[in-house]
Amino acid sequence: MDSHNHTSLDSSVFFLLGIPGLEEFHLWLSLPVCCLSTATIVGNITILVIVATEPALHKPVYFFLCMLSTIDLAASFSTVPKLLAILWCGAGHISASACLAQMFFIHAFCMMESTVLLAMAFDRYVAICHPLRYATILTDTIIARIGVVALMRGSLLMLPCPFLIGRLSFCQSHVIPHTYCEHMAVVKLACGDTRPNRVYGLTAALLVIGVDLFCIGLSYAFIARAVLHLSSHEARSKALGTCGSHVCVILISYTPALFSFFTHRFGHHVPLHIHILLANVYLLFPPALNPVVYGVKTKEIRERVVRVFRRDQGPGVKISE
């Protein structure tokens, strides 16, 4: 059905347009989406199973990794099914309540993930700068509290969002030029005063991305100072090596998020389909790549994955070293 027909005929229904200007490529774009979503599910479930079944991995850094994997899986299930329905058959109809729910969960999960990444930076800071106090600082109770804080922070910061959207009137188009119910994409359709929504969205983003990136940078500044005071080159390399996975995950997570954030608010000359592609990269790539990064760069996880595959091949198969 032509997208222009999906206007304000029914105030309780919106229509997600997909990627305007690239409609003829929707079916092809579904292929990388399927690959990334499959990698997300397989990779993160593998991480969760390995950490749960290996007592040697019951350490703070791996508990935080499990939190990250759980959030990535939940975020993927919040976006990918509807995204594929749009790309495969143009099924962009979504009720207003479902749109608000999707908006809440997507942004809340992103905030939770940022909080966990900050916690992982703190974990590396304690491990390198205060190694003798590591076990007493990052106890199971503290880890559980950090998990609760991540959950509450994301939920509470996003709680006003549905109410602020609900007060708006959509007297013109109900067509959302996006693949999911992104906050600003919905706000731009409203007819009334949207300044509270815009101010709230910018404030929430700065409170999460700005504060978390500052604290992560501060943690690594202290880590760098501690590493530079180590006497041997081998000790410095080993200390920095323990941070490699986390640094890669930070770059994977925050780089597309910052690009999407700044192009959405200041890149008015950037084509709309670029905005939407960046927003989807922000949601699809980090959950798929995070398990790969930790699986490749973390020796303990890599060894256990190899052990599982060797066990599955059976005792009669000889594995070359």
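Each chain has its residues counted from 1, following the order in which its sequence is written. The model is predicted, so local features are restricted to residues of pLDDT at least 70 and side-chain atom pairs to those at 80 or more, both for listing and for counting; the totals for chains, interfaces and linings are taken over all residues. Heavy atoms from the whole structure form the basis of all side-chain values; hydrogens and water molecules are not counted.

1. Digging into the packing of helix α1 (residues 26-53) against helix α2 (residues 60-89)
Right, so step 1: Only the contacting stretch of a helix is used when fitting its axis, a line to C-alpha atoms as for every element, and angles between N-to-C directions run 0 to 180 degrees. Numbering goes from the N terminus for both helices and strands, where a helix is a DSSP run of H or I of at least four residues and a strand is a run of E of at least two. The geometry of α1 relative to α2 is characterised by a closest axis approach of 9 Å and an angle of 155° between their N-to-C directions. One element, α1, and the other, α2, form an angle in the roughly antiparallel class. Helix-helix and strand crossings are classified by hand; for α1 and α2 the assignment is left-handed.
Right, so step 2: Ten residue types, Ala, Val, Leu, Ile, Met, Phe, Trp, Tyr, Cys and Pro, are classed as nonpolar, four, Asp, Glu, Lys and Arg, as charged, and the remainder, Gly among them, as polar. Looking at side-chain class alone, the contact of α1 with α2 contains 20 nonpolar, eight polar and one charged residues. Here is the rule for angles: anything less than 35 degrees is roughly parallel, anything more than 145 is roughly antiparallel, 65 through 115 is roughly perpendicular, and the remaining ranges are oblique. Should the near helix be turned anticlockwise from the far one by less than a right angle, the crossing is left-handed, and should it be turned clockwise, the crossing is right-handed.

2. Structural notes on the UniProt feature "transmembrane region" (unreviewed entry) in the protein chain
Right, so step 1: UniProt positions are given in the numbering used here, feature names are shortened, and annotations may be inferred rather than shown by experiment. Mapped onto this structure's residue numbering, the UniProt feature "transmembrane region" (unreviewed entry) falls at residues 25-49, 61-80, 100-122, 142-165, 204-228, 240-262 and 274-294.
Right, so step 2: Structurally, residues 100-122 is divided into 100% helix and 0% strand, and its ends, taken at the C-alpha atoms, are 33 Å apart.

3. Brief notes about the state of the cysteines
Right, so step 1: Throughout, a disulfide means two cysteine sulfur atoms within 2.5 Å of one another. If you walk through the whole model with that rule in mind, you get one disulfide.
Right, so step 2: Residue C99 pairs covalently with C181 via a disulfide, S to S 2.1 Å. Where C99 bonds to C181 through sulfur, the torsion about that S-S bond is close to -120°, and the disulfide is left-handed. You can see C99 sitting in helix α3 (residues 96-129) and its partner C181 sitting in the loop between β3 (175-176) and α7 (183-187), a full 82 residues away along the chain.
Right, so step 3: You can see C35 has no disulfide; the closest cysteine sulfur is in C34, sitting 6.9 Å from it.
Right, so step 4: For C243, which is in no disulfide, the shortest distance to another cysteine sulfur is to C129 and amounts to 8.8 Å.

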